[in-house]
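One letter stands for each residue in the lines below.
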Amino acid sequence: MRIYFGYVAMSVIVPECTPSKTITFQNLSKIDGEKARFSRLSSIARENLRNTRRLFFHNQAHDIKLFRITSKLIPLATHPIAENWDWFVEVKDELKSLGDYARENAFRISAHPDHFTLLNSPREEVAEASIRDLEYHLRIMDGMGLDSSAKLVIHVGGSYGNKEASLKRFIQNYKLLSSEFKQRIVLENDDKIYTAREVLGLCQELKIPMVLDIHHHWCNNHNDDVGDYLADIFATWEGEARPPKIHLSSPKDAKRFRSHADNVEASFFLEFLAKARPLNRDFDVMIEAKNKDQALFNLLAELKSIPYIHFIDEGSIEV
DNA sequence: ACCTGTCAAGTCTGG
DNA sequence: CCAGACTTGACAGGT
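Figured I'd write up the structure that's included with this text. Note that the coordinates shown come from a computational prediction; the quantities given were computed from them, not determined experimentally.

**Description of the overall build of chain A**
Alright, step 1. Scanning chain A for helices and strands turns up 11 helices and 10 strands.
Alright, step 2. When the 42 basic and 46 acidic side-chain charges of chain A are each reduced to a single mean position, those positions are 3 Å apart.

**Digging into the packing of aromatic side chains**
Within a pair of aromatic rings, the relevant descriptors are the distance that separates the centres and the angle that separates the planes.
Alright, step 1. Across all of its chains, the model carries 14 aromatic pairs by this definition.
Alright, step 2. Their ring planes at 65° and their centres at 5.6 Å tell us that phenylalanine 5 and phenylalanine 269 sit as a pair that is edge-to-face. Residue phenylalanine 5 is found in strand β1 (residues 2–8), and its partner phenylalanine 269 is found in helix α10 (residues 266–276); the two are separated by 264 residues along the sequence.
Alright, step 3. Judged by its relative accessible area of 0%, phenylalanine 269 is buried.

**Remarks on the protein's contact with DNA strand B**
Alright, step 1. The local shell around DNA strand B holds 14 residues, among which Phe25, Phe116, Leu118, Ser159 and Tyr160 are the closest.
Alright, step 2. Glutamine 26 has a polar backbone atom sitting 3.4 Å from a phosphate oxygen of DNA strand B.
Alright, step 3. Note that a sugar or linking oxygen of DNA strand B is positioned 3.4 Å from one of the side-chain N or O atoms of histidine 79.
Alright, step 4. Across the surface near DNA strand B, the residue classes tally to six nonpolar, seven polar and one charged.

**Remarks on the packing of helix α2 (residues 34–61) against helix α3 (residues 87–104)**
Alright, step 1. It is the contact of α2 with α3, at a shortest axis distance of 10 Å, that shows an interaxial angle of 10°. On the basis of their axis angle, the class for α2 and α3 is roughly parallel. In contact with Ser42, Ala45, Arg46, Leu49, Thr52, Arg53, Phe56, Phe57 and Gln60 of α2, α3 contributes Glu90, Val91, Glu94, Leu95, Ser97, Leu98, Tyr101 and Ala102.

**Considerations on the pattern of salt bridges**
Alright, step 1. Inspection of the entire model under this criterion finds 14 salt bridges.
Alright, step 2. For arginine 184, the salt bridge goes to aspartate 142, with nearest N and O atoms at 2.9 Å. Here aspartate 142 lies in helix α4 (residues 124–143) and arginine 184 lies in the loop between α6 (179–182) and β5 (185–188), a separation of 42 residues in the sequence.
Alright, step 3. Among the residues examined, aspartate 142 registers a relative accessible area of 43% and is labelled partly exposed.
Alright, step 4. Two residues, aspartate 253 and arginine 256, come together in a salt bridge whose shortest N-O distance is 2.6 Å.
Alright, step 5. Arginine 256 sits in the partly exposed class, given a relative accessible area of 45%.

Thresholds, definitions, all that
- Residues numbered from 1 in each chain as written.
- Chains lettered and ligands numbered in written order.
- Predicted model: local features only at pLDDT ≥ 70, side-chain atom pairs only at ≥ 80, totals over all residues.
- Heavy atoms only, no water.
- Helix = DSSP H or I, 4+ residues; strand = E, 2+ residues; numbered from the N terminus.
- Lys, Arg positive; Asp, Glu negative; His and termini not counted.
- Charge placed at Lys NZ, Arg CZ, Asp CG, Glu CD.
- Phe/Tyr/Trp six-rings, centres within 6.5 Å; stacked < 30°, edge-to-face > 60°.
- Buried < 20%, exposed > 50% of the residue type's maximum accessible area, 1.4 Å probe, protein only.
- Near = heavy atom within 4 Å.
- Polar contact = N/O pair within 3.5 Å; in protein donor to acceptor, adjacent residues only side chain to side chain.
- Nonpolar A, V, L, I, M, F, W, Y, C, P; charged D, E, K, R; others polar.
- Axes fitted to C-alpha atoms, helices over the stretch in contact; angles between N-to-C directions.
- Parallel < 35°, antiparallel > 145°, perpendicular 65-115°, else oblique.
- Contact = heavy atoms within 4.5 Å.
- Salt bridge = Lys/Arg side-chain N within 4 Å of Asp/Glu carboxyl O.

As structure tokens, this is what we get:
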């Protein structure tokens, strides 16, 4: 089984290369005239795209085929102050060529809309804002010309005092979405509310691929063992062009155990690998650590001493 | 060059 | 009913 590794949004190795530059609402408001404000936003957006391109080159040079693009690529894209700003036209060409490069090098691109994207909120304005945010992500992926294997990873949402009703509301709202959304949305278990088993049930019912977050499962699991239903989680990816994806991170410390540590404990990964090995299926691992790409390299360096792990290149292994 | 409080967005808890 | 926690990278204003 082949396992590919990737990291989230930014590099700690490539200097001066943030793809998430922004401007605060307050400061943008100080600029006189809509035209000048939009021009400022456009120049930030283009800078972010330039840096994303540099990250792509870096990834390709190191055989890293898995990458999560930042949600902050286009500054204030869904903020009311930028409502009349046609950002897509401004960055259309850059987006397309970025996507071409990704396709040529067989990159697996994903995005993870922020935690206030809540499809199941009982507040209509929140649910609507969430759809606007998903639309924004869709336009980026479509603009890059990526096929439906480029996924949008989201959580189920809040519990709002009634988990059962909130799950139902997710189902209702999800069903209202067009197929453009549905072919990209995948669901992830979270660290507080919806466990892996609950998310799996939802994914099976709605035929949505499920991303298992090992760290979240460790925080929030109702005492069940993910090994018992890992095969079912992987099965939600049947018919998809790409293999299942998991998220991997380690707890920061005993007190802040939900937070991401700087690096990933090799034992944390190996424990999971022991459960996945019998299934003998390829899967992708998204590393979520403060040290970003360096954490990926650090983990792989540690795996070098494991006898049954063979290195294909800098970014993938064979087990 | 470096430091610190603040930032568009939501939800949950505890007082 | 409201303040604070949660979480994270970057801004912005200051030294």
